[in-house]
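What the coordinates show
What follows is each chain in one-letter form.
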Amino acid sequence: MENNIIFVTGASGYLGKSLVMSLSSKGYEVRCLIRDSSKANSLSFPNVKICVGDIRDKSTYEDSLNGVSTIFHLAAVVGNNDEKLNFSTHLGGAKNIIDTAKKNEVKRIIYVSTMSASYPRRSCYAESKLQAEKLFYASGIPTTVIRPNLIIGKDSPQLNKISALTRLPIIPVVGSGKKLVQPIDAAELIYVLIKVLEDEKTINHTISVSGSEAVTFNKFLDIISNAYWGKTKFKLHLPIFVCNILATVFEKVLRNPPLTKGQIILINQDSVSSFADIKSLFNLNEKNLSYLIGKYVKSGK
C-alpha cells in the first residue's frame, strides 16, 4: 500500500466502531462516514476523522475519499424490510461508492455483505446486498466481499434481540427452530477484516465468515437461556403462516417491528459455511459457543 488512509462507511454501527478502533490502534489514518453527528464521540480514537453524510448522496462524502487507498463499506439498512430503502442504500450506495472511488483513484474495496446473500431464498435485504456484491466485482476496482454469519459479542444487537426472547415466560420461535445457525464472534470477525486488508491475495474473493460451531436455533436459544437463567425454558413454535401475518401487522404499525417478513425468510433457512476454510486462511482457533455466550449474556440470577 502506498498510504495507510482507510475510509469506513457505517463507522458508527456495532461492527464499524470496533473496526475503526482496531484500524486506529494499528496506526492507520481512518476517515469515518456517519449519518448522525451525535455519534461522533463514539469514534474518538487517534488518527480518526469524521465525515457526516449519507451513502445515498455521494456529494456528502466524495471529497473525503481524496488520498484514500482502501474503502471498508459497512453501511447498511438494519431491521427494515422496506424494499425501496434497502435497494437505494445497498445497491444505490454501491454505485455511489464505485463512482467516488474511481474519481479519487481508490485502490481497493472491502465490502461487508451478509451470509444471507448466498441463500436460495432471499429477502429484499439479502437480494440488494447480493446485487451490490456483483456491482463491486464488475466495477474493475479490486474487491473483496465478506459475508458474516450472525454476529455475537458484547452488546451485539443481534445477540441482544435474540436474548430478549429468553426473558419471556415462554420463548416464541418462528417455525420448527431446527434450522442451523453458526454465529461468529465479533472480535474474530474484526480480526478477519484486518487480515483481509493486509493480504492482497484475498482480492477478488468472496469469504464467508462463520464460527466453528453450528447449532439449531432451538439449541442456540437453550445456550442463551442456560447462560442467563441457568436452565432452558419452554418454547412455543409458531407456524410460518402465523408469523407472516404477525410480521405484516408489525411492519404497518411499528417503527421498529420485532419481526419482519424478511427476517422470516432468513430464519427459515440454514445459515452455515465452512469454518475449515477460514481457519486455514486466517489461522483461527475453534471457540466453544456456550463459552462465548456465557461471556456476553448477563446472568438473570
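Computed from a predicted structure; not experimentally measured.

Attention now goes to the overall build of the chain. Helices and strands together make up the secondary structure of the chain, namely ten helices and 13 strands. Radius of gyration (C-alpha) of the chain: 19 Å, near the 19 Å computed for a compact globule of 301 residues. Seen through its C-alpha atoms, the chain measures out along the principal axes to roughly 55 × 40 × 35 Å. When the 301 residues of the chain are sorted by exposure, 49% land in the buried category. Contacts in the chain between residues far apart in sequence, at least 24 positions, make up 76% of those at least 6 positions apart. Per element, the accessible surface of the chain, about 14,300 Å² overall, is 52% carbon and sulfur.

This brings us to helix H4 (residues 157-165). Those residues of H4 lying buried are Leu159, Ile162 and Ser163. Considered in projection along H4, the buried side chains sweep an arc of 105° and stay on one side of the axis. Those residues of H4 hidden inside the fold are in contact with strand S7 (151-152), helix H6 (217-229) and helix H10 (289-296).

Here we take up the nonpolar core. Judged by nonpolar contacts, the single largest core of 34 residues is most densely connected at Val8, Leu19, Leu23 and Phe72. Among the elements of the structure, strand S1 (5-9), helix H1 (14-25), strand S2 (29-34), strand S5 (108-112), helix H5 (186-198), strand S11 (206-209) and helix H9 (275-282) are those that each provide at least two residues to this core. Sorting elements by how many residues they give to this core places H5 first, with eight residues. Sequence-distant contacts of Leu19, defined by excluding residues within four places in its chain, comprise Val8, Phe72, Leu74, Ile190, Leu193 and Ile194. Listed in part, the 21 residues of the second largest apolar core include Ile55, Tyr61, Ile71 and Val145.

Let's shift gears to a nonpolar patch on the surface. On the surface, a nonpolar cluster with roughly 500 Å² of combined accessible area is contributed by Phe241, Ile245, Val249, Val253 and Leu254. For Val249, the position within the fold is in helix H7 (residues 240-253). Val249 sits in the partly exposed class, given a relative accessible area of 45%.

A few words now on the pairing of S5. Among the five residues in S5, five count as buried, and that is most of the element. Burial along S5 is two-sided: Arg108, Ile110 and Val112 and Ile109 and Tyr111, pointing in opposite directions, are all buried. Inspection of the sheet shows strand S4 (residues 70-73) paired to S5 by four bridges, in the parallel sense. When the sheet's bridge partners are listed, Ile71 is paired in S5 with Ile109. Taken together, S4, helix H2 (residues 83-103) and S5 form a β-α-β motif whose crossover is right-handed. Bridging between S5 and strand S6 (residues 143-148) involves four bridges; their strand directions are parallel.

So, about the environment of Ile97. Residue placement: Ile97 occurs in helix H2. Between the C-alpha atom of Ile97 and that of Lys58, which follows or precedes it by 39 residues, the distance is 7.4 Å. Excluding residues that lie within four positions of it along the chain, Ile97 makes contacts with Thr9, Ile55, Tyr61, Ile71, His73, Ile109 and Phe136.

Right, let's get into unusual backbone geometry. Unusually for a residue other than glycine, Asn47 sits at a positive phi of about 65°. Here Asn47 lies in the loop between S2 and strand S3 (48-52). According to the relative accessible area criterion, Asn47 is partly exposed, its value standing at 46%. For Glu105, which is not glycine, the phi dihedral falls at a positive 55°. Tracing the backbone shows Glu105 in the loop between H2 and S5.

Turning next to the packing of aromatic side chains. Under the defined criterion, the tally for this structure stands at four aromatic pairs. Each ring, one from Tyr228 and one from Trp229, has its centre 4.7 Å from the other, and the planes form 75°; the classification is edge-to-face. Judged by relative accessible area, Tyr228 falls into the buried class, the value being 15%. The cationic tip of Arg167 hangs over the ring face of Tyr228; the distance from NZ or CZ to the ring centre is 3.7 Å.

Conventions used here
- Residues numbered from 1 in each chain as written.
- Predicted model: local features only at pLDDT ≥ 70, side-chain atom pairs only at ≥ 80, totals over all residues.
- Heavy atoms only, no water.
- Helix = DSSP H or I, 4+ residues; strand = E, 2+ residues; numbered from the N terminus.
- Rg over C-alpha atoms; globule rule 2.2 N^0.38 Å.
- Buried < 20%, exposed > 50% of the residue type's maximum accessible area, 1.4 Å probe, protein only.
- Contact = heavy atoms within 4.5 Å.
- Areas by Shrake-Rupley, 256 points an atom, 1.4 Å probe, with all protein chains shown as cover.
- Arc of directions from axis to C-beta.
- Core = buried A, V, L, I, M, F, W, Y, C linked by side-chain atoms within 4.5 Å.
- Patch = residues over 30% accessible without salt bridge, like charges linked within 9 Å, V, L, I, M, F, W, Y side chains within 5 Å.
- Salt bridge = Lys/Arg side-chain N within 4 Å of Asp/Glu carboxyl O.
- Pairing = 2+ DSSP bridges.
- Right-handed = clockwise from strand over helix to strand, strands pointing away.
- Phe/Tyr/Trp six-rings, centres within 6.5 Å; stacked < 30°, edge-to-face > 60°.
- Lys NZ or Arg CZ within 6 Å of the ring centre and 35° of its normal.

Spatial relationships are all this shows, so hold off on functional conclusions.
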